[in-house]
Amino acid sequence: MAQPVDVSLSVNGAPHRRAVEPRLLLSDFLRGELGLTGTHVGCEHGVCGACTVLMDGEAVRSCLVFAVQADGAALVTVEGLDSAGTLHPLQEAFRDAHGLQCGFCTPGILMSMIPFLRDNPRPDEPQIREALSGNLCRCTGYQNIVEAVALAAERMGGVDAGDATGAANATG
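Residues numbered from 1 in each chain as written. Predicted model: local features only at pLDDT ≥ 70, side-chain atom pairs only at ≥ 80, totals over all residues. Heavy atoms only, no water.

What to know about the overall build of the protein chain
Helix and strand counts for the protein chain stand at 6 helices and 5 strands. Here the C-alpha atoms of the protein chain give a radius of gyration of 17 Å, agreeing with the 16 Å that 2.2 N^0.38 yields for 172 residues. Among the 172 residues that make up the protein chain, the fraction classed as buried is 42%. Relative to all contacts within the protein chain whose residues are 6 or more apart in sequence, the contacts with residues 24 or more apart total 56%. Total accessible area on the protein chain stands at roughly 8600 Å², and carbon and sulfur atoms take up 51% of it. (Helix = DSSP H or I, 4+ residues; strand = E, 2+ residues; numbered from the N terminus. Rg over C-alpha atoms; globule rule 2.2 N^0.38 Å. Buried < 20%, exposed > 50% of the residue type's maximum accessible area, 1.4 Å probe, protein only. Contact = heavy atoms within 4.5 Å. Areas by Shrake-Rupley, 256 points an atom, 1.4 Å probe, with all protein chains shown as cover.)

Section: the side chain of N135
Looking at the secondary structure, you find N135 in the loop between α4 (125-132) and α5 (143-155). In this view, N135 contacts C48, G49, T52, R61, G108, I109, S112 and Y142; residues no more than four positions away in its chain are not counted.

What about the sheet that holds strand β2 (residues 14-20)?
If you trace the 5 strands from one edge of the open sheet to the other, you get β2-β1-β5-β3-β4, paired in mixed fashion. Here the strands that pair on one side only, and so sit at the sheet edges, are β2 and β4 (58-61). Averaged over all adjacent pairs, the angle separating strand axes in this sheet is 40 degrees, with direction ignored. Taken together, the 7 bridges between strand β1 (residues 5-11) and β2 define a ladder with antiparallel strand orientation. Following the sheet pairing, S10 is matched in β2 by P15. Against the sheet, helix α1 (residues 26-33) contacts β1, β2, β3 (52-55) and β5 (74-76), and its axis sits at roughly 110 degrees relative to β2. Where helix α3 (residues 106-119) meets the sheet, it contacts β3, β4 and β5, and its direction lies at approximately 40 degrees from that of β3. (Pairing = 2+ DSSP bridges. Axes fitted to C-alpha atoms, helices over the stretch in contact; angles between N-to-C directions.)

What to know about the layout of surface pockets
Approximately 160 Å³ is the volume found for the largest pocket. As for the largest pocket, its lining consists of G42, C43, C48, A50, C102, F104, C105, L136, C137, R138 and C139. (1 Å grid on protein atoms, 1.4 Å probe; cavity = no way out; pocket = protein on both sides within 12 Å on 5 of 7 lines; lining within 4 Å. Points joined across faces, edges and corners; volume = space filled by probe spheres on them.)

Some points on the environment of C51
With respect to the secondary-structure elements, C51 resides in the loop between α1 and β3. Spatially, the C-alpha atoms of C51 and L30 are 10 Å apart, while their sequence positions differ by 21 residues. Among all residues touching C51, those that are not within four sequence positions of it are T39, H40, V60, R61, S62 and C63.

Remarks on the environment of F66
Mapped onto the fold, F66 is located in the loop between β4 and β5. On a C-alpha basis, the gap between F66 and F29 in space is 8.7 Å, while along the polypeptide they are 37 residues apart. Beyond its immediate sequence surroundings of up to four residues, F66 is in contact with P22, R23, L24, L25 and L26.

Shown next as structure tokens:
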């Protein structure tokens, strides 16, 4: 058994220091050590996207990162999206546009879309679909998820009402 390694990192703005085994996955650290069960573990191969968190502002698959690799990093999990009990605009849009069903994939999708919308504040539907392609949802046909992301972009000051949701709104 390898010697534990000291890890210091920030998670959702709170500092944490732990001695962890070098082979401990970041997803297991977040769930087991910190009790942050919003980070879901699906495929454990980095394919489904359910375990996505932000590390220093970028989306990473926490099932592919060792906890020791996050030493010194600032992490944000889905639990860190709300602010004093107020949902993030992306979370509100998912609620309002019915962008979730069972909810298993939702945390990973939300955490993937945060940097996407930061870097692409006015995405069109094909860009949103491309950005979502790394997150698997077994419940939906993705249309409501796409509409939720577009609604969030609009509310966050990016997308015009007619860009990504205009066709759907014109018919519905």
